[in-house]
Amino acid sequence: DYLKGFHDGLGGKKGMIISELSYEVTDPTVDSQVVALKSAGADLFFNITTPKFAAQAIKKSAEIGWKPVHFLNSVSTSINGVLVPAGLENSKEILSAGYLKDNADPEWANDPGMNEWRAWMAQHYPGGNVNDGFNVYGYSVAKTLEYVLKQCGDDLTRANVMRQAANVKNLELNTLLPGIKVNTSPTDFYPIQAMQLMRFNGKSWDRFGKIISTE
């Protein structure tokens with residue numbers, strides 16, 4: 001899906017892509033793919049990988065001295081889960097786009113919304129890893145479901161649950177980046193269709209530009 005969107009976005013300029021390489025989740029590393037991309041002469045790297053392989057790709061790029069403009073897909077932007085293992089210095093200047101607050105980012109150290117999440121973790125999931133961004137994601141999904149169920153009132157039939165799930169309007173979750181809201185409709189089931197560009201400065205993500213929305 002990421003690759004298709006990239007192709008669609010480039011449109012008639014898709015010929016600018018000089019190399020595309022895939023990997024399997026069973027592969028031990030993606031080192032050979034990174035070396036091959038450098039050898040192809042690419043000066044821009046769209047890194048579509050899950051966290052383990054994203055960290056490997058960032059680290060390997062640094063090891064071989066390959067310094068393209070580096071775009072990282074949003075599922076692998078966790079500071080503690082990806083960038084720390086890859087090396088914070090190696091990760092500087094990486095670009096991405098996000099919609100969730102990163103619990104490891106100093107920007108949200110005293111954020112009321114993230115403090116509420118931390119309190120929830122301490123009470124309901126004390127064994128959970130607070131450095132795992134997927135726990136923020138899971139909490140956000142659960143809060144959205146809570147909203148839908150409340151909208152259902154006493155009618156918890158499947159039909160009404162589905163109806164309410166397809167009628168979420170401007171829901172603001174305290175774990176989402178400021179300005180990003182959850183919206184659905186009977187003809188559009190994608191809950192989040194907005195992101196903000198960001199650049200890693202070696203310690204945290206610097207968000208820049210306006211919220212980019214498809215709406």
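Treat the numbers as computed from the prediction; the structure is a model and nothing was measured.

K.L.:
Lay out the pairing of strand 4 (residues 194-200) with the relevant residues and their values.
P.N.:
Burial along strand 4 is one-sided: the face carrying Ala194, Gln196, Met198 and Phe200 is buried and the face carrying Met195, Leu197 and Arg199 is not. Taken together, the four bridges between strand 3 (residues 95-98) and strand 4 define a ladder with antiparallel strand orientation. Bridge pairing in strand 4 links Gly98 to Gln196. In this structure, strand 4 lies alongside strand 6 (residues 212-213), joined through two bridges in antiparallel fashion. For Ala194, the partnering residue across the bridge sits in strand 6 and is Ser213. Bridge analysis of strand 4 against strand 5 (residues 205-207) gives three bridges, and the strand direction is antiparallel. Its bridge partner lying in strand 5, Met198 is registered against Arg207.

K.L.:
Mind laying out the side chain of Gln33, listing which residues take part and the relevant values?
P.N.:
Secondary-structure assignment places Gln33 in helix 2 (residues 31-39). Residue class for Gln33 comes out buried when judged on its relative accessible area of 15%. In this structure the side chain of Gln33 is engaged in a polar contact, spanning 3.0 Å, whose partner is the side chain of Ser32. Contacts of Gln33, omitting those with residues within four sequence positions, involve Leu21, Ser22, Tyr23 and Asp27.

K.L.:
Quick one: what's the story with the packing of aromatic side chains, residue by residue and with numbers?
P.N.:
We describe a pair of aromatic rings using the distance from one ring centre to the other and the angle between the two ring planes. Overall, the coordinates contain six aromatic pairs when judged by the stated rule. Here the aromatic rings of Phe45 and Trp66 are separated by 5.2 Å at their centres, their planes lie at 35 degrees, and the arrangement is tilted. Of this pair, Phe45 sits in strand 1 (residues 44-47) while Trp66 sits in the loop between helix 3 (51-63) and strand 2 (69-72), and the two are 21 residues apart along the sequence. Its relative accessible area of 7% is what places Trp66 among the buried residues. Both rings, one in Phe200 and one in Trp205, keep their centres 5.4 Å apart while their planes meet at 65 degrees; by these two values the pair is edge-to-face. A residue is classified by how much of its surface remains accessible, and Phe200, at 0% relative accessible area, is buried. You can call Trp205 buried: its relative accessible area is 5%. A cation sits over an aromatic face here: Lys101 above Trp108, 5.0 Å from the ring centre. For the cation-ring pair, Arg199 lies above Phe208, with the distance from its terminal atom to the ring centre recorded as 4.8 Å.

The rules we used
Residues numbered from 1 in each chain as written. Predicted model: local features only at pLDDT ≥ 70, side-chain atom pairs only at ≥ 80, totals over all residues. Heavy atoms only, no water. Buried < 20%, exposed > 50% of the residue type's maximum accessible area, 1.4 Å probe, protein only. Helix = DSSP H or I, 4+ residues; strand = E, 2+ residues; numbered from the N terminus. Pairing = 2+ DSSP bridges. Polar contact = N/O pair within 3.5 Å; in protein donor to acceptor, adjacent residues only side chain to side chain. Contact = heavy atoms within 4.5 Å. Phe/Tyr/Trp six-rings, centres within 6.5 Å; stacked < 30°, edge-to-face > 60°. Lys NZ or Arg CZ within 6 Å of the ring centre and 35° of its normal.

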